[in-house]
Amino acid sequence: MTYLAAVFPAPNQPIEFREYPEPELENGSALLKTLYSEVCGTDVHLHHGRLSGVPYPIIPGHVSVGVVSKLRGSPASVTGAPIREGDVVTFLDVNETCNSCYYCLIANQPTRCPSRKVYGITYSANDGLLGGWSQAIYMKPGVKMIHFPKNLSPETFIGGGCGLVTALHAVDMAGIRLGAAQVRSLPWTV
Ligand SMILES: [Zn+2]
Ligand SMILES: [Zn+2]
């Protein structure tokens, strides 16, 4: 069994399709059959080589949805719920955070941990199916998988993509709450 993936071979080079063998599953890992994977502005930067420390070739795609097609051992979701074959999940692209640095422990921003690895960005395609622009995505042991709530469709989720969570995070950081902005009192509004 092999899987096709879209690959950025190097900055400013045309995208290539490459075939990858089915990964050997480590204990606690899973394989997703990809349903959706986002194309975002970061992918454009990656294509142009504007991010440092990117181990080209890479399989882009850092926000994705898939169906669990295989697993080994007992992987669990972020809530501790067992992951089963057939489950529809998404996952946190940031992985291998150290849980001992300033960003992990104090700033509560493990997405900035210097040890982090990121699906679709800082995992090399030479290390396997570690990006979403692929027919299958390998969930390494410890990847934070998330089940979809019953009332949320994968289509709706992927439509928001990482742009939505980034915007929400910015609002969070700004300390603005729902109803806090009294827009009508601003001098330039009518
Ligand atoms: Zn993105
Ligand atoms: Zn850390």
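Procedures and definitions
- Residues numbered from 1 in each chain as written.
- Chains lettered and ligands numbered in written order.
- Predicted model: local features only at pLDDT ≥ 70, side-chain atom pairs only at ≥ 80, totals over all residues.
- Heavy atoms only, no water.
- Helix = DSSP H or I, 4+ residues; strand = E, 2+ residues; numbered from the N terminus.
- Expected span 1.5 Å × (residues − 1).
- Bend = angle between axes of the 7 residues up to and from the residue.
- Buried < 20%, exposed > 50% of the residue type's maximum accessible area, 1.4 Å probe, protein only.
- Contact = heavy atoms within 4.5 Å.
- 1 Å grid on protein atoms, 1.4 Å probe; cavity = no way out; pocket = protein on both sides within 12 Å on 5 of 7 lines; lining within 4 Å.
- Points joined across faces, edges and corners; volume = space filled by probe spheres on them.
- Nonpolar A, V, L, I, M, F, W, Y, C, P; charged D, E, K, R; others polar.

Between its first and last C-alpha, helix 3 (residues 154-173) extends 27 Å over 20 residues, near the 28 Å set by a 1.5 Å rise per residue. Roughly 70° is the biggest bend found in helix 3, and it falls at G161. All of the buried residues along helix 3 are P154, I158, G161 and C162. For helix 3, the elements touching its buried residues are strand 3 (30-37), strand 4 (64-71) and strand 5 (88-91). In the stretch just after helix 3, G175 is the one whose phi turns positive, near 70°.

Here L105 lies in helix 2 (residues 102-105). According to the relative accessible area criterion, L105 is exposed, its value standing at 51%. Ignoring any residue separated from it by four or fewer positions in sequence, one finds L105 in contact with N99 and S100.

In this structure, the largest pocket spans a volume of roughly 1,000 Å³. In terms of lining, the largest pocket is formed by 32 residues, of which the most central are D93, V94, T111, V165 and T166. For the lining of the largest pocket, the secondary-structure elements that each account for two or more residues are strand 5, strand 9 (145-147) and helix 3. A total of eight residues in the lining of the largest pocket trace back to one element, the largest contributor, which is helix 3. Residues of the lining of the largest pocket, tallied by class, amount to 17 nonpolar, 11 polar and four charged.

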